[in-house]
Amino acid sequence: MRIRRCVGLVSAVCALLIAQTATAIEPLTPASAKGDVVVEPFALDATSFAPAGMKTTVYLPPDYAGGTRRYPVLYVNDGQDREAVKLRETLQQLIAAGEIRAPIVVAIDMPPDRMGAYGLSDRKAGTNLVAKTRYGGIGANAHAYSEWLAHTLIPAIDARYRTRTTPDARAIVGWSLGGLNAFNLGWQYPELFGRVGAFSPSFWPASDTTDDASMQRTRMAQRIVDASEPRNGARWFFAVGTAEEAADRDGDGVNDAVDDTRDMLEGWNADAGGMKGLKQLGYSTNDDYAAKATRADASLYLLPGGKHEQAAWARMLPVFLRWAYAVNAPALQATGRVDSYQDVPSAYVPARNVDVWLPPSYATHPERRYPVLYMHDGQNLFDPSMSFTGIDWDVDGTMTRLIDAHRVREAIVVAISNTPLRGNEYMPAKAASPEQRKYVLSDGYLRFIVDELKPAIDATYRTRPAREDTMVMGASMGGLISAYAMSEYPDVFGAAGGMSTHWPANDGAVIDYLAAHLPARRTHRFYFDHGTATLDAGYAPYQQRMDGVLREAGWREGRAFMSREFPGAEHNERAWRDRLDVPLQFLLGR
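So, here is what we can say about the structure in this document. (Residues numbered from 1 in each chain as written. Predicted model: local features only at pLDDT ≥ 70, side-chain atom pairs only at ≥ 80, totals over all residues. Heavy atoms only, no water.)

**Topic: the pattern of salt bridges**
Opposite charge on two side chains permits them to pair, given that their charged atoms come into close proximity. All told, the structure shown has 31 salt bridges when counted by the stated rule. Salt-bridge contacts for Asp 469 lead to Arg 409; the nearest nitrogen and oxygen are separated by 2.8 Å. Linking Asp 469 in the loop between α13 (442-460) and β18 (470-475) with Arg 409 in the loop between α10 (395-404) and β17 (412-416), this pair joins segments that are 60 residues apart in sequence. According to the relative accessible area criterion, Asp 469 is buried, its value standing at 9%. Judged by its relative accessible area of 24%, Arg 409 falls in the partly exposed class. Where Asp 451 meets Arg 447, a salt bridge forms, and the shortest distance between an N and an O atom there is 3.3 Å. Residue Asp 451 and its partner Arg 447 are located together in helix α13, separated by four residues, close to a single helical turn. (Salt bridge = Lys/Arg side-chain N within 4 Å of Asp/Glu carboxyl O. Helix = DSSP H or I, 4+ residues; strand = E, 2+ residues; numbered from the N terminus. Buried < 20%, exposed > 50% of the residue type's maximum accessible area, 1.4 Å probe, protein only.)

**Looking at the sheet that holds β18**
Strand order in the open sheet formed by eight strands is β14-β15-β17-β16-β18-β19-β20-β21, and the pairing between neighbours is mixed. The sheet is open, and its two edges are formed by β14 (337-344) and β21 (561-566), each paired on a single side. Neighbour-to-neighbour, the strand axes of the sheet open up by a mean angle of 15 degrees, direction not taken into account. Here five bridges tie strand β19 (residues 495-499) to strand β20 (residues 525-531), and the two strands are oriented parallel to one another. (Pairing = 2+ DSSP bridges. Axes fitted to C-alpha atoms, helices over the stretch in contact; angles between N-to-C directions.)

**Description of helix α4 (residues 142-160)**
Taking 1.5 Å of rise per residue, the 19 residues of α4 would be expected to cover 27 Å, and the 26 Å separating its terminal C-alpha atoms lies within 8% of that figure. The largest bend in α4 amounts to roughly 35 degrees and is located at Leu 149. All buried positions along α4 are accounted for by Ala 142, His 143, Tyr 145, Ser 146, Trp 148, Leu 149, Ala 150, Leu 153, Ile 154 and Ile 157. (Expected span 1.5 Å × (residues − 1). Bend = angle between axes of the 7 residues up to and from the residue.)

**What about the environment of Phe 238?**
Structurally, the position occupied by Phe 238 is in strand β11 (residues 235-241). With a relative accessible area of 0%, Phe 238 lands in the buried category. In this structure, the C-alpha to C-alpha distance between Phe 238 and Arg 467, residues 229 residues apart in sequence, is 45 Å.

**With respect to unusual backbone geometry**
For Asp 343, which is not glycine, the phi dihedral falls at a positive 45 degrees. Summarising the element assignment, Asp 343 is placed in strand β14. The class for Asp 343 is buried, based on a relative accessible area of 12%. Located in the positive-phi region is Asn 506, a residue other than glycine, with phi close to 55 degrees. Its place among the elements puts Asn 506 in the loop between β19 and α15 (509-516). Asn 506 sits in the partly exposed class, given a relative accessible area of 33%.

**Quick word on the packing of helix α2 (residues 87-96) against helix α9 (residues 310-325)**
Axis separation between α2 and α9 bottoms out at 10 Å; the angle between their running directions is 45 degrees. The angle between α2 and α9 falls in the class oblique. For the crossing formed where α2 meets α9, the hand is right-handed. Along its contact with α2, which presents Leu 87, Thr 90, Leu 91 and Leu 94, the element α9 presents Leu 317, Pro 318, Leu 321 and Arg 322. (Parallel < 35°, antiparallel > 145°, perpendicular 65-115°, else oblique. Left-handed = near helix turned anticlockwise from the far one by under 90°. Contact = heavy atoms within 4.5 Å.)

**Some thoughts on the packing of aromatic side chains**
Scanning the entire structure with this criterion turns up 33 aromatic pairs. Aromatic side chains Trp 236 and Phe 238 sit 6.5 Å apart centroid to centroid with 20 degrees between the ring planes, which places their arrangement in the stacked category. With a relative accessible area of 1%, Trp 236 lands in the buried category. In textbook terms, an aromatic cluster arises when at least three aromatic residues are bridged by ring pairs, as seen for Trp 175, Phe 199, Phe 237, Tyr 289, Tyr 301, Trp 313, Phe 320 and Trp 323. One cation-aromatic arrangement involves Arg 160 over Tyr 161; the distance from NZ or CZ to the ring centre is 4.7 Å. (Phe/Tyr/Trp six-rings, centres within 6.5 Å; stacked < 30°, edge-to-face > 60°. Lys NZ or Arg CZ within 6 Å of the ring centre and 35° of its normal.)

Here you go:
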């Protein structure tokens, strides 16, 4: 079982996600907003590091005044550079072209002591992490500035504007020292910031500047990462110009600005006692975003000829905005046509990517309508480079083969990506323990699918929207949420499939729930299976118990439900890929 909990986050994060404020439903591809980005000042009172107060400038999407929906928010350090980096102009162009889901942008002018504020802090200890340099101390006010942004500015913006308040909808970006502080904010406040951008980030400050070798091994930002537990959820975008500087501390022929940032992604001598990077903490990485945009958790964009200046950051800005707010996610490697949507917003749960696989005849038969299969853990279904284990389910290949052999109906497959709150979203709420219930998000997750995603899919594609043509399927915890979905929404889903269904959760509490909440056997179907190795080795008694519930309720095996055991099969993507044709034929059989 792979339940990804809120690793490294305090329980308040989960509570914040549960309390997501409602927002209007958005289409998969929002219409381009007409009109101009609206700019208005937003000032705040004096604070310890800014006795005269802090000045911000807020950029509102063109359609803000005439609507009710809520928007993601981007906070920008060094807001006084807004014109030099072409902030409004770039936003205007990308929104008008329909390339991004428009955010609210809050540009924060630098504090009077920029070097003092734009540094690193230790939130837990409540201290500044000051770096002594020949330019002076960096970070003497970093903790105060970070706390002000987190606990004064963000609440003020959320109170004044229609914002989305989950971490996936809040980003911070900066450049140079402002980029260092953006990194610090993302790392220290993961319950607030789910997206972080750092252009030309100053990752060079070190605690020991005796010589180059000492600086290499004591770079403070990397030390923070090296000393951290694995973290889930945040995504990172770093951009560096290839001509930022000539210094080459380790003599490898690559300038330090590029080297320091690459080390943050990939680690520095991590296998030989050096320092871990994001990769060693479990983040997927892309060290050449310019060559190929991917969905990696952390990406490095190299700007050819880019220098450490505003003109270069203006060129990095549209790349970052597309990375953070693109309507369409980077393409998958898959057989057939897949439409990919990035960060589909929800009123009930954090945004996530959604990939829609279309059957072979979709383009050539414009009059035909298709059943729809909704599947969980979408990252694992089509592209091995994105899968949890590096092996995908090959849904696209298996569907194509079965369709060509006339063994299943052609169908649209909607792959819904999981989030770091996978376990919270996939654990059926009505079978959860009292302690779990305050964290469980499954009822909200199902409302996202039923009330938001399905209507958007039906409006965008030629579907057969009725119950008998709408199915849901997953593996492990994904099997639990699939069975729960059909029981909670029997008018929406006509069939549910669970591979290696994780019945042991709460010692079979979901089975007890289903026994009292089965949908009508004449109009619904269940598919369940399990292997006999690894985690699946303990599933047989629970599956037999579930089978007994169905038989006692009069469900006809082979027609209304199927239960299969696969000797030797393990609890992993390879095993599910190898037998995927079995549930697909049961759910979509001709």
